[in-house]
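Inside the fold
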Amino acid sequence: MKLTVFASGSGGNCCLVQGGGRSILIDAGISASRIREGLTRAEVAPASLDGIFITHEHSDHIRGLSVFLKKAPVPVYAPETVAAALCRVSPGTDVYLRRFEPGRPVRFPSLEVVAFPTVHDTLQSVGYRVTAADGTSFALATDTGCVTETMLYWLTGADIALIEANHDETMLRNGPYPPSLQRRILSDHGHLSNAECTWLASVLARRGTRKLVLGHLSKENNIPGLALRTVRRGLEGTDAELMVAPVLGFLEVEASPCFA
């Protein structure tokens, strides 16, 4: 299993997941040209993608989708309510849509993808767990204001997990955002703080996750070094590797199967 993050943050989100000879994108929230650049660097032809899986319809998750599809007409997978929103806000996407239910796997040869609900300020948002034929797995959960038992179930045991460390609460409260926006971010339908992420990372590391990637950091209300220091304290006594996804860049993370 290999994860390549092209971008993670309020300015855009997109990552490539490869396993079992298959390749999918999760979200397309950067420009189509930057998506193509990332795929070229990863040596993946855009038209060879098995699909693009969308977490929700906010612009930082779908910004480049409609333009990308014009040159690479690949299937777009989304739960029903997310799919309906995409039809409204992303012109031309409807002909590529493949609807599915969270909790029920979308299967490709040698790869399986399952969506699970997250809690965000939209009608529906999801995270994803991807499992390859060799047993390695990746899970992603960003854009959620709290961690539910369902989320924890699908995140637990993933070899690689990309989880949200959106903000430092002190920076947010003392920063430039108006009170209404602060309340939205801090709510159960907003985003996870560094402290909340620390708890989640600690649980996952103690349940078998070997590589943790902090994602969706706020440019205004967080600092990568601060997020790393905060979350690392919760990982004491574990051998989990911790890293930060780039706001816009290229981060590769691989997981190898464990054989008895």
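Okay, so let's go over this structure. Here the structure is a predicted model, which means the values were calculated and not measured.

**Section: the overall build of the protein chain**
The helix and strand tally for the protein chain stands at nine helices and 14 strands. Judged by the C-alpha coordinates and their principal axes, the protein chain covers about 50 × 45 × 30 Å. Every one of the 260 residues in the protein chain was classed for burial, and the buried ones make up 56%. A sequence separation of at least 24 residues applies to 64% of the contacts in the protein chain between residues at least 6 apart. Here the protein chain displays about 11000 Å² of accessible surface, and carbon together with sulfur accounts for 51% of that area. Of note, the protein chain has its 25 positive side-chain charges centred 3 Å away from the centre of its 26 negative side-chain charges.

**Examining the packing of helix H8 (residues 194–206) against helix H9 (residues 224–233)**
The axes of two packed helices give the description: the angle between them and the distance between them. The interhelical angle for the contact between H8 and H9, taken along N-to-C directions, is 45°, at an axis separation of 8 Å. Relative to H9, H8 is oriented oblique. You can see that H8 and H9 cross each other, and the crossing is right-handed. Contacts between H8 and H9 involve Asn194, Ala195, Cys197, Thr198 and Ala201 on the former and, on the latter, Leu226, Ala227, Thr230 and Val231. Taken together, the residues that form the contact of H8 with H9 break down as six nonpolar, three polar and no charged.

**Considering the pairing of strand E5 (residues 76–79)**
Taking every second residue as pointing to the same face, both faces of E5 are buried, with Val76 and Ala78 on one and Tyr77 and Pro79 on the other. Note: strand E4 (residues 51–53) against E5, two bridges, orientation parallel. When the bridges of E5 are listed, Phe53 appears paired with Tyr77. By the bridge criterion, four bridges tie E5 to strand E6 (residues 97–100) in an arrangement that is parallel. In the sheet register, Tyr77 faces E6, and the bridge partner there is Arg98. Crossover E5 to E6 through helix H4 (residues 80–89) is right-handed.

**Considerations on the sheet that holds E4**
One open sheet accounts for seven strands, arranged E6-E5-E4-E3-E2-E1-E14; its pairing is mixed. Each having just a single partner strand, E6 and strand E14 (251–254) make up the two edges of the open sheet. The average undirected angle you get between the axes of adjacent strands in this sheet is 25°. Helix H1 (residues 32–41) rests against strand E1 (2–7), strand E2 (14–19) and strand E3 (22–26) of the sheet, and its axis sits at about 150° to E1. Its contacts with the sheet place H4 against E5 and E6, and it is angled at close to 120° to E5.

**Details of empty space enclosed by the protein**
For the structure shown, the criterion picks out one cavity of 30 Å³ or more. Size it by volume and the largest cavity reaches roughly 80 Å³. Surrounding the largest cavity, Val5, Ala7, Ser8, Asn13, Cys14, Cys15, Ile26, Asp27, His61, Leu140, Thr142 and Leu162 form its lining. If you list the elements that add at least two residues to the lining of the largest cavity, you get E1 and E2. Taken together, the residues that form the lining of the largest cavity break down as seven nonpolar, four polar and one charged.

Calculation criteria
Residues numbered from 1 in each chain as written. Predicted model: local features only at pLDDT ≥ 70, side-chain atom pairs only at ≥ 80, totals over all residues. Heavy atoms only, no water. Helix = DSSP H or I, 4+ residues; strand = E, 2+ residues; numbered from the N terminus. Buried < 20%, exposed > 50% of the residue type's maximum accessible area, 1.4 Å probe, protein only. Contact = heavy atoms within 4.5 Å. Areas by Shrake-Rupley, 256 points an atom, 1.4 Å probe, with all protein chains shown as cover. Lys, Arg positive; Asp, Glu negative; His and termini not counted. Charge placed at Lys NZ, Arg CZ, Asp CG, Glu CD. Axes fitted to C-alpha atoms, helices over the stretch in contact; angles between N-to-C directions. Parallel < 35°, antiparallel > 145°, perpendicular 65-115°, else oblique. Left-handed = near helix turned anticlockwise from the far one by under 90°. Nonpolar A, V, L, I, M, F, W, Y, C, P; charged D, E, K, R; others polar. Pairing = 2+ DSSP bridges. Right-handed = clockwise from strand over helix to strand, strands pointing away. 1 Å grid on protein atoms, 1.4 Å probe; cavity = no way out; pocket = protein on both sides within 12 Å on 5 of 7 lines; lining within 4 Å. Points joined across faces, edges and corners; volume = space filled by probe spheres on them.

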